[in-house]
Amino acid sequence: INLVLGLVQHLRKTGPPAIMKPDLLTIAAILVVLFHPTYVAFANDAGTDEINIGIRYEINSKALGESREILVSVPGDRSRSYPVIYVLNGDAEFLHTLATIQHLARNANKIPDFIVVGVVSKDGAKETRPNFPADGRKNEYESLFRQFVAKELVDHIDSSYNTHPFRVLVGHSLSGLFALNTLRSEFDSFDAYFAFSPALWWDDGAEADTILRSISSKRANARTVVVTVANEGDDSTGQHRNFVDEWQRASTTTIKLFETAFPDESHSSTTLPAINWSLQRLFLGWRPGPDAYRLGLAGLEKHYSDLSERFGWAVEIPLDDILPLVFEFARRGNEGDDSRVYELIEHAVTRDQEMYDEFVEMIGALEIQGHSAGASIARKALCDSNPSLQICSR
């Protein structure tokens, strides 16, 4: 914990470096996850702590005729529903994906929070290679594995957890090619497909050509595809560029393609910056802008209503956004700010009674900083909502 706090203090003083070394970024991200209060559970034995970031268990697959291991992490508030991100090669990619999502969602409000599902690999090549180039045979196991991931696993997660109807599939290397082929054959199973350094070279590029030919026939609801490449040599960079160029020339569909390169990353290190970039690109505009904040509750309601329409589920105003906004309106006391304070406080305490205590602390902070008029406005709004509060007896 001290390491995390020390890193935060250092970054506050110096600002983030232009390029943070992947090892340091990974360590910091993992520590944030491990010691986040939501995921720390105290064991019954005195003197021992249990750190819990999720669960690992097996489910039976009828398609594969075997049990498969999965990793699942659900945000702390189980009363809410969440979109789901499915991470292939979950044993290697689950932890840093979870850490990235927690940081972007809870610390920065740049994306929604997610249920994170890791699919633990038994044999990555067997599961994700589409065919056997030596003799042209189709890999039947890959098709069955896709049925497990896109149908059985999705149905299991939807029936077991409180989910939104928005899903993301993430794959790297051969699993990235598998994600693109899932877009081709199971178009409606996921809303976004992330392919990090996908194996576009497979079968001398024949599989990539098949994917490109298929996209012109996809005219259903909009989907988003992200394709990235690392510093993997001129051949990989050229294949990536050709794939993107051909996609943009051939596509007349509603599928959105985003792409980027990570020249400072290797094939194995690219997944950490790639998941960060991809999530922020997919949810660009998630955080309200200055105009929305300036209008108070009306601005926030409009912003999150637009997000709800864009992504297909009801997006609530985060309560964490309201407290600092009330503080700012109360502190500055411009024309119309009094009514904005009233509206925001009423909205917050109606949704969560615990917000009363947070607003009481905020009023104290206003008084300490010398903003007595603002403190008085906030106190009146709070007491009009709940006259029984101790702060109302002054």
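The rules behind the values
The written sequence of each chain sets the order in which its residues are numbered from 1. Owing to the predicted nature of the model, reporting of local features is limited to residues with pLDDT of at least 70; listing and counting of side-chain atom pairs is limited to 80 or more, with chain, interface and lining totals taken over all residues. Side-chain metrics in this entry use all non-hydrogen atoms of the structure; hydrogen atoms and water are not considered. Two aromatic rings from Phe, Tyr or Trp, using only the six-membered ring of Trp, form a pair when their centres are within 6.5 Å; if the ring planes differ by under 30 degrees the pair is stacked, by over 60 it is edge-to-face, and anything between is tilted. Exposure is judged per residue with a 1.4 Å probe applied to protein chains only, and the accessible area is read against the type maximum: over 50% gives exposed, under 20% gives buried, and values in between give partly exposed. Two thresholds decide whether a charge sits over a ring: the Lys NZ or Arg CZ must be within 6 Å of the ring centre and within 35 degrees of the ring normal. Salt bridge, as applied in this entry: a Lys or Arg side-chain nitrogen positioned within 4 Å of an Asp or Glu carboxyl oxygen. Runs of H or I in DSSP of at least four residues are treated as helices and runs of E of at least two as strands, each being numbered from the N terminus. Angles here are taken between N-to-C directions and fall from 0 to 180 degrees, while the axes themselves are lines fitted to C-alpha atoms, restricted in helices to the stretch in contact. When describing relative orientation, an angle under 35 degrees is termed roughly parallel and one over 145 degrees roughly antiparallel, while 65 to 115 degrees is termed roughly perpendicular and anything else oblique. Helix crossings are classified by the rotation of the near helix relative to the far one: an anticlockwise turn of less than a right angle makes the crossing left-handed, while a clockwise turn makes it right-handed. Contacts are residue-level and defined by heavy atoms, with any inter-residue pair within 4.5 Å sufficient. As used in this structure description, the phrase polar contact means that two N or O atoms lie within 3.5 Å; if the pair is within protein, one of them must be able to donate a hydrogen and the other to accept it, and residues adjacent in sequence are counted only when both atoms belong to side chains. In these notes, a set of buried Ala, Val, Leu, Ile, Met, Phe, Trp, Tyr and Cys residues joined through side-chain atoms within 4.5 Å is what counts as a nonpolar core. Take the residue count of a helix, subtract one, and multiply by 1.5 Å to get its expected span. Directions are taken from the helix axis to each C-beta atom, and the arc is the one they span. Each pair of strands is called paired provided DSSP finds at least two bridges between the two strands. Any pair of cysteine sulfurs within 2.5 Å is marked as a disulfide.

Q: Explain the packing of aromatic side chains to me, and be specific about the residues and the numbers.
A: Evaluation of the coordinates by the stated rule reveals 16 aromatic pairs. Taking the centre distance of 5.9 Å and the plane angle of 45° together, the rings of F311 and W313 count as tilted. W313 shares its class with F311; the two are buried. A network of ring pairs unites the aromatic residues F114, F166, F283, W286, F311 and W313 as a single cluster. Above the ring of F132, the side-chain terminus of R137 is found at 4.3 Å from the ring centroid. Just above the ring of F258 sits the side chain of R281; from NZ or CZ to the centre is 4.1 Å.

Q: Report on the pattern of salt bridges, specifying residues and quantitative values.
A: For the structure on display, the rule yields 22 salt bridges. Among the salt bridges present, the one from D291 reaches R294, with a minimum N-O distance of 2.4 Å. Remark: R294 and D291 occur in helix α10 (residues 290-294); sequence separation between them is 3 residues, near one turn of the helix. For D291, a relative accessible area of 52% puts it in the exposed group. A relative accessible area of 46% means that R294 is categorised as partly exposed.

Q: Before we move on, can you summarise the packing of helix α7 (residues 206-215) against helix α8 (residues 234-250) with the specific residues and values?
A: Axis separation between α7 and α8 bottoms out at 9 Å; the angle between their running directions is 20°. Taken as axis vectors, α7 and α8 run roughly parallel relative to one another. The two elements α7 and α8 meet at a crossing, and its hand is right-handed. In contact with A208, I211, L212 and I215 of α7, α8 contributes F243, E246 and W247.

Q: Just give me the short version of the environment of S61, but keep the residues and values in it.
A: As for its placement among the helices and strands, S61 is situated in strand β3 (residues 55-61). Taking the C-alpha atoms as reference, S61 lies 7.0 Å from E152; in sequence the two are 91 residues apart. The residues touching S61, leaving out its near neighbours within four places in the chain, are E66, F148 and E152. From its side chain, S61 meets the backbone nitrogen of L64 in a polar contact 3.0 Å long. Among the polar contacts listed, one links the side chain of S61 to the side chain of E152, at a separation of 2.6 Å.

Q: I'd like a description of the environment of S175, backed by residues and values.
A: Inspection of the secondary structure puts S175 in helix α6 (residues 174-185). Given a relative accessible area of 3%, S175 falls into the buried group. The spacing of S175 and T128 is 47 residues in sequence and 5.7 Å in space, taken between C-alpha atoms.

Q: Account for the packing of helix α3 (residues 90-107) against helix α9 (residues 271-282), with residues named and values stated.
A: Where α3 meets α9, the axes come as close as 10 Å, and the angle between the chain directions of the two elements is 40°. The angle between α3 and α9 falls in the class oblique. Every pair of crossing elements has a handedness; the one defined by α3 and α9 is right-handed. The segment α3 lies against α9, with E93, H96, T97, T100, I101 and L104 engaging T271, L272, I275, N276, L279 and Q280.

Q: Give a description of the nonpolar core that names residues and reports values.
A: If you look at the biggest cluster of nonpolar residues, it comprises 63 residues, and the most contacted ones within it are I85, F194, L279, F283 and F359. Sorting elements by how many residues they give to this core places helix α12 (residues 319-332) first, with 7 residues. Core analysis: the next-biggest nonpolar cluster, separate from the first, contains 46 residues, Y82, L153, L169 and L177 among them.

Q: Lay out α8 in plain terms, naming residues and giving numbers.
A: Taking 1.5 Å of rise per residue, 17 residues should cover 24 Å, and α8 covers 24 Å from first to last C-alpha, within 8% of that figure. When we look at burial in α8, the residues that qualify are S236, H240, F243, V244 and W247. In an axial view of α8, the angular spread of the buried residues amounts to 95°, which keeps them on one side of the axis. Exposed and facing more than 90 degrees away from the buried side of α8 are D234, D235, N242 and R249.

Q: Describe in detail the pairing of strand β11 (residues 224-230), supporting the description with residues and values.
A: Among the 7 residues of β11, 7 are classified as buried, and the element is accordingly described as predominantly covered. Burial along β11 is two-sided: T224, V226, T228 and A230 and V225, V227 and V229, pointing in opposite directions, are all buried. As defined by bridge partners, strand β10 (residues 192-196) adjoins β11 across 5 bridges and the pair is classed as parallel. Paired with F194 across the two strands is V226, which belongs to β11.

Q: Could you give me a rundown of the side chain of H303, with the residues and numbers involved?
A: Looking at the element boundaries, H303 is found in helix α11 (residues 297-311). You can call H303 buried: its relative accessible area is 14%. Within polar-contact distance, the side chain of H303 engages the backbone oxygen of W286 at 2.6 Å. Once you skip the residues sitting within four places of it in the chain, H303 turns out to touch G285, W286, R287, P288 and A292.

Q: Describe in detail the state of the cysteines, supporting the description with residues and values.
A: One pass over the full model with this rule turns up 1 disulfide. Shown here is the disulfide that connects C383 with C392, its sulfur atoms set 2.0 Å apart. Note on the C383 and C392 pair: the S-S dihedral is about -100°, so by sign convention the disulfide is left-handed.

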